[in-house]
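Each chain, letter by letter, is given below.
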Amino acid sequence: MWSLRDWRRRCILARHPIPDALWQAVSRRLPVIAALTPGEQTRLREQATLLLAAKTISGAGGLDPDAAMRVHIAALAALPLLGLDLDWYDNWHEIVVYPDTFVQEHEWEDEFGVMHRERRELDGESWQQGPLVLAWHEIEASGQGSGFNLVVHEIAHKLDMQNGDANGYPPLQRGMSHADWNAAFSAAYEDMVRRDESGMETPLDPYAADAPEEFFAVACEAYFEIPAQLHAAYPAVYDQLCLFFRRDPLAPSAVP
Ligand SMILES: [Zn+2]
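Residues numbered from 1 in each chain as written. Predicted model: local features only at pLDDT ≥ 70, side-chain atom pairs only at ≥ 80, totals over all residues. Heavy atoms only, no water.

1. Notes on the overall build of the chain
For the chain, the count of helices and strands is 11 helices and six strands. Taken over the C-alpha trace, the chain has a radius of gyration of 18 Å; the compact-globule value for 256 residues is 18 Å, and the two agree within 12%. Residues counted as buried form 46% of the 256 residues belonging to the chain. Within the chain, contacts between residues separated by at least 24 positions form 61% of all contacts whose residues are at least 6 apart in sequence. Carbon and sulfur atoms make up 50% of the accessible area of the chain, which amounts to about 13000 Å² in all. (Helix = DSSP H or I, 4+ residues; strand = E, 2+ residues; numbered from the N terminus. Rg over C-alpha atoms; globule rule 2.2 N^0.38 Å. Buried < 20%, exposed > 50% of the residue type's maximum accessible area, 1.4 Å probe, protein only. Contact = heavy atoms within 4.5 Å. Areas by Shrake-Rupley, 256 points an atom, 1.4 Å probe, with all protein chains shown as cover.)

2. Section: the coordination of the zinc ion
Distances from the zinc ion to its protein donors, His153 (NE2), His157 (NE2), Glu214 (OE) and Glu214 (OE), fall at 2.1 to 2.7 Å. Considering all four donor atoms around the zinc ion, the spread of angles at the metal, 51 to 143°, places the coordination shape in the irregular class. All donors to the zinc ion come from one chain, and their sequence spacing reads H-x3-H-x56-E. In this pair, His153 sits in helix α7 (residues 150-160) while Glu214 sits in helix α9 (residues 212-225), placing the two residues 61 residues apart along the sequence. (Donors = N, O, S within 2.8 Å, 3.2 Å for Na, K, Ca; no water. Tetrahedral: all angles 85-135°; square planar, octahedral: opposite > 155°, others 65-115°.)

3. Notes on helix α5 (residues 67-77)
Among the 11 residues in α5, eight count as buried, and that is most of the element. Taken residue by residue, α5 has Met69, Val71, His72, Ile73, Ala74, Ala75, Leu76 and Ala77 as its buried positions. Backbone nitrogen of Ala68 and a side-chain oxygen of the N-cap are separated by 3.2 Å at the start of α5; the cap is Asp66. (Polar contact = N/O pair within 3.5 Å; in protein donor to acceptor, adjacent residues only side chain to side chain.)

4. Side note on the packing of aromatic side chains
Per the counting criterion, the structure on display carries 16 aromatic pairs. Note on Phe215 and Tyr234: the rings are 6.0 Å apart at their centroids and 65° apart in plane angle, and the pair reads as edge-to-face. Residue Phe215 is found in helix α9, and its partner Tyr234 is found in the loop between α10 (227-233) and α11 (235-245); the two are separated by 19 residues along the sequence. Using a relative accessible area of 1% as the deciding quantity, one classes Phe215 as buried. Note on Tyr234: relative accessible area 7%, which makes it buried. When the centroid spacing of 6.3 Å and the interplanar angle of 80° are considered together, the rings of Phe216 and Phe244 count as edge-to-face. You can see Phe216 sitting in helix α9 and its partner Phe244 sitting in helix α11, a full 28 residues away along the chain. For Phe216, a relative accessible area of 0% translates into the label buried. On the accessibility criterion, Phe244 (0% relative accessible area) is buried. The ring of Trp92 carries the charged tip of Lys55 above its face, separated from the ring centre by 4.9 Å. (Phe/Tyr/Trp six-rings, centres within 6.5 Å; stacked < 30°, edge-to-face > 60°. Lys NZ or Arg CZ within 6 Å of the ring centre and 35° of its normal.)

5. Topic: the sheet that holds strand β6 (residues 132-135)
Reading across from one edge, β1-β2-β6-β5 is the order of the four strands in this open sheet, with mixed pairing throughout. In the strand order of this sheet, the two ends are held by β1 (56-59) and β5 (124-126), each with one partner. Each adjacent strand pair in this sheet contributes to an overall mean axis angle of 15°, direction not counted. Here β5 pairs with β6 via three bridges, running antiparallel. Looking at β6, one finds that Glu125 is bridged to Val133. Packing of α7 onto the sheet brings it into contact with β5 and β6, and relative to β6 it is tilted by some 165°. (Pairing = 2+ DSSP bridges. Axes fitted to C-alpha atoms, helices over the stretch in contact; angles between N-to-C directions.)

6. Notes on the layout of surface pockets
The computed volume of the largest pocket comes to approximately 610 Å³. Sorting the residues of the lining of the largest pocket by element identifies β4 (115-122), β5, α7 and α9 as the ones contributing at least two each. Across the lining of the largest pocket, the residue classes break down as eight nonpolar, five polar and 10 charged. Both domain 1 (1-146) and domain 2 (167-256) contribute no fewer than three residues apiece to the lining of the largest pocket. The calculated volume of the second largest pocket comes to roughly 420 Å³. (1 Å grid on protein atoms, 1.4 Å probe; cavity = no way out; pocket = protein on both sides within 12 Å on 5 of 7 lines; lining within 4 Å. Points joined across faces, edges and corners; volume = space filled by probe spheres on them. Nonpolar A, V, L, I, M, F, W, Y, C, P; charged D, E, K, R; others polar. Domains from an automatic or database assignment.)

7. Describing the nonpolar core
With 69 residues, the main nonpolar core has Leu79, Phe215, Val237, Leu241 and Phe245 as its most contacted residues. Here the element with the most residues in this core is α9; it accounts for nine residues. Taken together, domain 1 (1-146) and domain 2 (167-256) each give at least three residues to this core, which thus spans both. If we ignore the near neighbours within four places in the chain, the residues touching Leu241 are Trp181, Phe185, Phe216, Ala219, Cys220, Tyr223, Leu230 and Arg246. (Core = buried A, V, L, I, M, F, W, Y, C linked by side-chain atoms within 4.5 Å.)

Below, the structure is given as structure tokens:
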């Protein structure tokens, strides 16, 4: 017997399918999709369909995202949902897309009650409250199998914020060990910081050495884009991400 949730899911998939031609056109532009098994590609398309029904995608800065752009964004945003349910995205409702790098002004109050204002140029951001904000030119650069994926990066921050501030420590799946997570991520983060500070080559984007939450977000990008490289550099982190995302990209038939 179907649960109410299954029934809703099947209704949305039946009533609002992504047209074949559109999905194929988007897939052709995203090598990260071609690297998935046929079963995973089907799952990705279904999750992208549900995501388009559940979230709003708005343009900003003069951009009006068309159907192809929406499906492109949804396909990338659905990658973490290959093994997770859409409930993991419950803490955000909207994706705002700028054509290019955007300027955000932030105000905050320091410990003495003094207000500060800061202007920053960004390609993407995600806050505890509020939408995912992304620059289209960086979305287009994502999903190419190079290790870079702005959409996955910002969604990783949202997953991390499911249990408070972004700190590289998202709520773990049932049965996962906090000690194993901590050991794997602490050791790899320290290695990245050491290499970065001594001017050595780093196996991940050096931005990962900026803070533990950035290490987590960059490791998620690598997990979806260049899993073999992540596995070679930081196998314990790779294993933890397989447990967290409930799939093994290097052995897609084995469900961890
Ligand atoms: Zn970040």
